[in-house]
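# Structural characterization, general
So the chains spell out like this:
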Number of protein chains: 2
Amino acid sequence: MAGSAIKPTPLLKDELDIVIPTIRNLDFLEMWRPFFEQYHLIIVQDGDPSKTIKVPDGFDYELYNRNDINRILGPKASCISFKDSACRCFGYMVSKKKYIYTIDDDCFVAKNPSGEQINALEQHIKNLLSPSTPYFFNTLYDPYREGADFVRGYPFSLREGAATAVSHGLWLNIPDYDAPTQLVKPLERNKRYVDAVLTVPKGTLFPMCGMNLAFNRELIGPAMYFGLMGDGQPIGRYDDMWAGWCMKVICDHMGWGVKTGLPYIWHSKASNPFVNLKKEYRGIYWQEDLIPFFQAAVLPKECVTVQQCYIELAKQVKEKLGKVDPYFIKLADAMVTWIEAWDGLNSSEEKSSKQPNGTAK
Amino acid sequence: MAGSAIKPTPLLKDELDIVIPTIRNLDFLEMWRPFFEQYHLIIVQDGDPSKTIKVPDGFDYELYNRNDINRILGPKASCISFKDSACRCFGYMVSKKKYIYTIDDDCFVAKNPSGEQINALEQHIKNLLSPSTPYFFNTLYDPYREGADFVRGYPFSLREGAATAVSHGLWLNIPDYDAPTQLVKPLERNKRYVDAVLTVPKGTLFPMCGMNLAFNRELIGPAMYFGLMGDGQPIGRYDDMWAGWCMKVICDHMGWGVKTGLPYIWHSKASNPFVNLKKEYRGIYWQEDLIPFFQAAVLPKECVTVQQCYIELAKQVKEKLGKVDPYFIKLADAMVTWIEAWDGLNSSEEKSSKQPNGTAK
């Protein structure tokens, strides 16, 4: 294997799980071998549990199918989506590690403009281990990066930054467009490599894509619920968006940072826009109410853990979005179930969910 | 002249003035000749008015020295700084054009990673003529740029964007650091070309640098006051910062966008950090109060013109920052004088300062 010669030093090897939702054999891992081989994988098998998913030799993994999810969570398994990549959040729940990286199985290793393979995981880890700057925008982007700093006019009291909870990576080739945009621009490819990492400012929402995403599970894990999507639900493809909006409101409340930008992965395959349109159309309509809801959401200062924040947010979802569609009442209940299930599996560990991260090893 | 062979089509030729504050001969314009020659320049001569500033042949310009400023503004000339590049804002006031580009005389043409000279002015104009996205962050940056769009999860109702008031460009080579950072990192150079333009989100402040800056004067001109700096004042090098914070609060109130990122210029010369420290040290201290002040500033909805917003902000500066230092009482008065002087020179035109921009020619 030529790849194994370039094995990088694996940062946080014993503190990070890679979560992959899939319905197929994981041949895509071959390309990631030099970067992932030394990490532990949590594979969440979606769809028919009797199907066998092949994982290339040499990877250390655990795999959960629907039967496993039902067995482990019992009635609470209802909060985990089926036939939708939202099922990936089950992997976050069963992990015992401090950090999670999650990637889709149609994502490959991208190259930077110099033609070098990008170690996406390493960049995510750097993003997570260095602070964020949610309170004031730095015009030279990440001030902690080599060759950069805070510019003139940046208050010194803010230069310590905030702990980083989430690192949102981007995609070259197939951009993450909604169905209408896919239909209108079927040939558009993202070719622009923007060499920047930046903090999404406090109070600003963004569309979080779950394709190439890392987070500090100890900090924000309980807010990373990907909702009720797919089988039996009126909506799909809003799992990561939902998680992103909930997570951002909670990070803003807790004083944690969210970064976006580098690293890029190579997104190989556009999903079918007609199928996507069917999954999305209610979401496209509903999001016009969701965004103002999340923009206005305020969490009381009594909420000092992520779980408390999330339960409070579920209450507000039920109250305010329940009027938009009964689906949100069901979703709000599932949000509560999710927290119960999370706490059931993470009883002692999650007591410490308030502690700050950001101290490099 | 080899350069004149590559003269680009000058966008907005008759609608944009280039404002340059200077104390020396403008040899730096030679390098900008292909890009600036067809535009009108407004040169604001700082320092000794008896000195003659040489402007290379072939440029169309008007030049104002301190005597001119005193003659034109009379007693109101007190609001225009002396011996500080803050004097540039006089140029904004006497311009009759819709757009302003301002650049420092130690800024040269930068090259993009392909080695091509960057037409900074053209990029600024593109930034100003296309909308901004202050209400929701787009992870692929400027959605109006060729090859990009709004990503999945971006509300459709927000995709028209907002009118763009300001385009803040960046600098390769010498970064815009404060004196302490200059002292600590004397050799740091900005080598990273980040190929992105993005909107600074609503509610987020940033450090606006006046070195390479364009704006829609008809929209936001009256808020582009660079304050009382330099000769006779306790502070320097906060002129652009002050303007940026005031401007951003007003743009947020008025619903206009502010962009930062491309274009880069090549910043050739680091100013003396010891001299800078003397100019800045009070600002470094005061900005710890200024930022919370501007972050909390709310303008009443009765303020429907930039002038009204600015006068209201001056009132709040006097009330709240006057306690920090008596300098801010003087500054608040100068802010009012600035608006009076602006309205005196722009009487009829500025009645229309509320009208939206953004319509490409």
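Residues numbered from 1 in each chain as written. Chains lettered and ligands numbered in written order. Predicted model: local features only at pLDDT ≥ 70, side-chain atom pairs only at ≥ 80, totals over all residues. Heavy atoms only, no water.

## Points about the overall build of chain A
Counting its secondary structure elements, chain A contains 10 helices and 9 strands. On C-alpha atoms alone, chain A measures out to a radius of gyration of 20 Å, which is about the 21 Å that the 2.2 N^0.38 rule sets for 361 residues. The proportion of buried residues among the 361 residues of chain A is 63%. Taking the intrachain contacts of chain A between residues at least 6 apart in sequence as the baseline, contacts between residues at least 24 apart amount to 76%. Taken as a whole, chain A presents about 13500 Å² of accessible surface, with 54% of it coming from carbon and sulfur. Charged side chains in chain A number 41 positive and 43 negative. The centres of these two groups are separated by 2 Å. (Helix = DSSP H or I, 4+ residues; strand = E, 2+ residues; numbered from the N terminus. Rg over C-alpha atoms; globule rule 2.2 N^0.38 Å. Buried < 20%, exposed > 50% of the residue type's maximum accessible area, 1.4 Å probe, protein only. Contact = heavy atoms within 4.5 Å. Areas by Shrake-Rupley, 256 points an atom, 1.4 Å probe, with all protein chains shown as cover. Lys, Arg positive; Asp, Glu negative; His and termini not counted. Charge placed at Lys NZ, Arg CZ, Asp CG, Glu CD.)

## Quick word on the relation of the copies chain B and chain A
Here chain B sits on chain A after a turn of 180° about the axis and a move of 0.0 Å along it, with an RMSD of 0.0 Å. As the rotation angle and translation indicate, the two copies are arranged about a two-fold axis. Proximity to the rotation axis, assessed at the C-alpha, singles out V194 of chain B in chain B; its C-alpha lies 2.8 Å from the axis. The overlap is high: 100% of the interface residues of chain B also sit at the interface in chain A, so the same surface is used on both sides. (Least-squares fit on C-alpha atoms with pLDDT ≥ 70 in both.)

## Concerning the environment of C89 of chain A
All names here are of chain A. With respect to the helices, strands and loops of the structure, C89 is situated in helix 3 (residues 89-94). Taking relative accessible area as the criterion, C89 reaches 0% and is therefore assigned buried. Taking C-alpha positions, C89 is 15 Å from G236, a pair spaced 147 residues apart along the chain. Those residues in contact with C89 that sit more than four places away from it in its chain are I80, M224, Y225, F226 and W338.

## Here's the deal with the packing of helix 7 (residues 239-254) of chain A against helix 9 (residues 306-321) of chain A
Residue and element names in this part refer to chain A. Viewed as axis vectors pointing N to C, helix 7 and helix 9 meet at an angle of 125°, and their least axial separation amounts to 10 Å. With respect to each other, helix 7 and helix 9 are oriented oblique. The chirality of how helix 7 crosses helix 9 is right-handed. Residues W242, C246, V249, I250, H253 and M254 of helix 7 form the contact with helix 9, whose participating residues are V306, C309, Y310, L313, V317 and L321. (Axes fitted to C-alpha atoms, helices over the stretch in contact; angles between N-to-C directions. Parallel < 35°, antiparallel > 145°, perpendicular 65-115°, else oblique. Left-handed = near helix turned anticlockwise from the far one by under 90°.)

## Quick word on the interface of chain B and chain A
Opposite the 58 residues of chain B that make contact, chain A presents 58 residues. Summed over both partners, the interface of chain B with chain A buries about 5000 Å², with 56% contributed by carbon and sulfur atoms. Of all residues in chain B, the largest losses of buried area upon contact with chain A belong to F137, R152 and R192 of chain B, amounting jointly to 17% of the total for that side. Where chain B touches chain A, the interface holds 10 salt bridges. One can count 28 residue pairs in polar contact (both at pLDDT 80 or more) joining chain B with chain A. Of all elements in the fold, only strand 6 (164-173), helix 5 (179-184), helix 7 (239-254), strand 9 (257-267) and helix 8 (273-296) of chain B reach the threshold of two or more residues within the side of chain B that touches chain A. Ranked by the residues each element gives to the side of chain B that touches chain A, the list is headed by helix 8 of chain B, at 6 residues. (Buried area = accessible area lost by both parts, 1.4 Å probe. Salt bridge = Lys/Arg side-chain N within 4 Å of Asp/Glu carboxyl O. Polar contact = N/O pair within 3.5 Å; in protein donor to acceptor, adjacent residues only side chain to side chain.)

## Details of the pattern of salt bridges
Residues and elements named next belong to chain A. One pass over the structure, following the stated rule, counts 36 salt bridges over all chains. For R88, the salt bridge identified is with D104, shortest N-O distance 2.6 Å. Here D104 lies in the loop between strand 4 (99-103) and strand 5 (107-108) and R88 lies in the loop between helix 2 (66-73) and helix 3, a separation of 16 residues in the sequence. R88 gets classed as buried once you look at its relative accessible area, which sits at 2%. By relative accessible area, D104 is classed as buried at 17%. Taking the shortest distance from any N to any O, the salt bridge between K248 and D252 comes out at 3.0 Å. Here K248 pairs with D252, and both are found in helix 7, just 4 residues apart, close to one helical turn. Given a relative accessible area of 14%, D252 falls into the buried group.

## Overview of the side chain of N212 of chain B
Residue and element names in this part refer to chain B. Note on placement: N212 falls in strand 8 (residues 212-216). What makes N212 buried here is its relative accessible area of 0%. From its side chain, N212 meets the backbone oxygen of L170 in a polar contact 3.0 Å long. Of the polar contacts made by the side chain of N212, one reaches the backbone oxygen of P263; its length is 2.9 Å. Once you skip the residues sitting within four places of it in the chain, N212 turns out to touch Y101, T102, A120, H124, S167, H168, G169, L170, P263, Y264 and I265.

## A word on unusual backbone geometry
With an omega dihedral of 5°, the bond running from L262 of chain A to P263 of chain A counts as a cis peptide bond. At Y141 of chain B, a residue that is not glycine, the phi angle is positive and equals roughly 65°. Mapped onto the elements, Y141 of chain B comes out in the loop between helix 4 (120-129) and strand 6. Judged by relative accessible area, which is 5%, Y141 of chain B ranks as buried.

## Overview of the UniProt feature "site: Required for activity" (unreviewed entry) in chain A
Mapped onto the present numbering, the UniProt feature "site: Required for activity" (unreviewed entry) falls at R152 and R159 of chain A. As for its placement among the helices and strands, R152 of chain A is situated in the loop between helix 4 (120-129) and strand 6 (164-173). Among the residues examined, R152 of chain A registers a relative accessible area of 5% and is labelled buried. In contact with R152 of chain A, other than residues within four places in its own chain, are D176, Y177, D178, P207, C209, R237, D240, M241 and E280 of chain B. Among the polar contacts listed, one links the side chain of R152 of chain A to the backbone oxygen of R237 of chain B, at a separation of 2.8 Å. Counting through the fold element by element, R159 of chain A comes out in the loop between helix 4 and strand 6. We classify R159 of chain A as buried; its relative accessible area is 13%. Residues in contact with R159 of chain A, not counting those within four places in the same chain, are Y144, F150, V151 and Y154 of chain A together with D178 and T181 of chain B. (UniProt positions renumbered as here; feature names shortened; annotations may be inferred.)

## Remarks on a nonpolar patch on the surface
Residues and elements named next belong to chain A. Together, L183, V184, F274, L277 and Y281 line one region of the surface with nonpolar side chains, adding up to about 510 Å² of accessible area. Among the secondary structure elements, those contributing two or more residues to the nonpolar patch are helix 5 (179-184) and helix 8 (273-296). Along the chain, L277 falls in helix 8. By relative accessible area, which is 31% here, L277 ends up partly exposed. (Patch = residues over 30% accessible without salt bridge, like charges linked within 9 Å, V, L, I, M, F, W, Y side chains within 5 Å.)

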